[in-house]
Amino acid sequence: MNKFLVRLLCAFIPISAWRKSLRRDFRLRAKHRKQRKKFNRIADWKIETVDGVKVASCVLNNGKALRLGNLFGKDLTPMGVAGGVLNMGDYHFAAEGNSVVIDIGMNVGIASLYFAMRDDVTRVYGYEPVPAVYEKALFNFSINNAYSGKITPNNSGLGDAKKEMTVQFKAWHSGGASMVAGHRSGEDVVIEVLDAAAEIGAIIRRHRGQRFVLKCDAEGAEKEIFARLDAAGILADIDIIVMEYHFGYDRFIEPLLMRNRFALFKTEQNAGLIRAVKQR
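Described below are features of the structure shown in this document. (Residues numbered from 1 in each chain as written. Predicted model: local features only at pLDDT ≥ 70, side-chain atom pairs only at ≥ 80, totals over all residues. Heavy atoms only, no water.)

Let us look at the nonpolar core. Ranked by size, the top nonpolar core spans 43 residues in total, and within it Leu 68, Leu 86 and Phe 115 carry the most contacts. Considering each element in turn, this core owes the most residues, six residues, to helix 4 (residues 110-116). Setting aside chain neighbours within four positions, we find Leu 86 in contact with Ile 42, Trp 45, Leu 60, Leu 66, Leu 68 and Tyr 114. Core analysis: the second largest hydrophobic core is formed by 34 residues, Ile 104, Phe 212, Cys 216 and Leu 229 among them. (Core = buried A, V, L, I, M, F, W, Y, C linked by side-chain atoms within 4.5 Å. Buried < 20%, exposed > 50% of the residue type's maximum accessible area, 1.4 Å probe, protein only. Helix = DSSP H or I, 4+ residues; strand = E, 2+ residues; numbered from the N terminus. Contact = heavy atoms within 4.5 Å.)

In the contact formed by helix 7 (residues 196-206) and helix 8 (residues 222-231), the axes pass within 9 Å of each other and the chain directions differ by 60°. As far as their axial angle goes, helix 8 and helix 7 are oblique. Regarding helix 7 and helix 8, the two cross each other, and that crossing is right-handed. Touching Ala 196, Ala 197 and Ile 200 of helix 7 are Ile 225, Arg 228 and Leu 229, all from helix 8. (Axes fitted to C-alpha atoms, helices over the stretch in contact; angles between N-to-C directions. Parallel < 35°, antiparallel > 145°, perpendicular 65-115°, else oblique. Left-handed = near helix turned anticlockwise from the far one by under 90°.)

What the rule picks out here adds up to eleven salt bridges. Measuring nitrogen to oxygen at the nearest pair gives 2.9 Å for the salt bridge that ties Asp 160 to Lys 163. We note a salt bridge from Lys 266 to Glu 254, for which the minimum N-O separation is 3.2 Å. Of this pair, Lys 266 sits in strand 12 (residues 262-267) while Glu 254 sits in helix 9 (residues 250-259); the two residues are twelve residues apart in sequence, bridging distant segments of the chain. Residue classification places Glu 254 among the partly exposed residues on the basis of a relative accessible area of 26%. (Salt bridge = Lys/Arg side-chain N within 4 Å of Asp/Glu carboxyl O.)

All right, on to the side chain of Glu 128 then. Looking at the element boundaries, Glu 128 is found in the loop between strand 5 (121-127) and helix 5 (131-142). No salt bridge is formed by the buried Glu 128. Its closest oppositely charged neighbour is Lys 215, at 7.5 Å. Within polar-contact distance, the side chain of Glu 128 engages the backbone nitrogen of Asn 107 at 2.8 Å. The residues contacting Glu 128, other than those within four sequence positions of it, are Gly 105, Met 106, Asn 107, Val 133, Tyr 134, Asn 154, Asn 155 and Ser 156. (Lys, Arg positive; Asp, Glu negative; His and termini not counted. Polar contact = N/O pair within 3.5 Å; in protein donor to acceptor, adjacent residues only side chain to side chain.)

Below, the discussion takes up helix 3 (residues 77-87). Taking burial as the measure, the eleven residues of helix 3 include nine buried ones, the bulk of the element. Looking at helix 3, one finds that the buried residues are Thr 77, Pro 78, Met 79, Gly 80, Ala 82, Gly 83, Gly 84, Val 85 and Leu 86. Just past helix 3, the residue Gly 89 takes up positive phi, approximately 70°.

The next point concerns the pairing of strand 5. For strand 5, the tally of buried residues reaches five of seven residues, placing the bulk of the element in the interior. Across six bridges, strand 4 (residues 99-104) lies against strand 5 in parallel orientation. From the neighbouring strand, Ile 102 faces strand 5, where its bridge partner is Tyr 125. Relative to strand 6 (residues 151-154), strand 5 is paired through four bridges, and the arrangement is parallel. Within strand 6, the residue paired with Tyr 125 across the bridge is Thr 152. (Pairing = 2+ DSSP bridges.)

Turning our eyes to something else, we now look at the sheet that holds strand 7 (residues 157-159). Spatial strand order, 7-9-8: three strands in an open sheet with mixed pairing. Edge strands, defined here as strands with exactly one partner in the open sheet, are strand 7 and strand 8 (163-169). On average, each strand axis in the sheet is tilted by 50° relative to the strand beside it, whichever way the strands run. Relative to strand 9 (residues 187-195), strand 7 runs parallel, the two sharing three bridges.

Let us now look at the environment of His 246. Within the secondary structure, His 246 sits in the loop between strand 11 (240-244) and helix 9. Note on His 246: relative accessible area 7%, which makes it buried. Distance in space between the C-alpha atoms of His 246 and Lys 223 is 9.0 Å, their sequence separation being 23 residues. The residues touching His 246, leaving out its near neighbours within four places in the chain, are Asp 217, Ala 218, Glu 219, Gly 220, Glu 222 and Ala 271.

So, about the side chain of Gln 168. Mapped onto the elements, Gln 168 comes out in strand 8. With relative accessibility at 15%, the residue Gln 168 sits in the buried group. Engagement of the side chain of Gln 168 in a polar contact is seen with the side chain of Asp 188, the distance being 2.3 Å.

With that settled, the discussion passes to the sheet that holds strand 6. Here seven strands make up an open sheet; going across it, the order is 6-5-4-10-11-13-12 and the pairing mixed. Unpaired on one side and paired on the other, strand 6 and strand 12 mark the two borders of the sheet. Taken pair by pair, the neighbouring strands of this sheet meet at an average axis angle of 10°, ignoring direction. The pairing of strand 4 with strand 10 (residues 211-216) spans six bridges and is parallel. The residue of strand 10 that forms the bridge with Val 101 is Val 213.

This is the structure we're talking about:
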């Protein structure tokens, strides 16, 4: 259905809520087609069913097999993440030696699996606060036993303190739940939030001597996460940061990273992407 036809149909629909729903469905279908094209460019996928879930499997260019479930429903986020991570290289980094990766905003686990399948990554710690999304990540880990042993998943978010919060969650947009007041819509979901400094500080002490890579896509929580890490002096031990920022929070995070001796590169996309490397 093209834009002209949608406008024509809307002209004959008297109820604004119905018109809004039609426009939303059109945008979602267009976005789904775009995401599917990016996804199909990753590899020659084969589709199977595992425990009632449609699963896509392939062998990637690195010669490693990968299986991903929960990609083909109304929720566009997992397929979009797969295209970004596996095809566009959103979270790729290259450095000598071994790394420990902290994945804040794990979603259904695609980035965590990407990191875990790398030979130079010894451990991945993933944080996903929404229970329904976390369960999908666990499923993806269960069908990728060759890599999932490296992953420590946590059904929690990170923030400036340990707390419980109520966020709004849309089942058809699993990447959109935000801890930021005023940027929420959907059904209420109670999530657990852990102190970012306490969690990441413990990981650093546990793996002292390795490189630490911080991946963050926290739908706006990045502001309080990085403020907390800065105040606790944790950023001094982080070597590489790859993050998506939201709500213009790059204005806060960019000078904070520079104060902590990071060189950074920033691009504007739907929200924005920052890549930062510690200057030694």
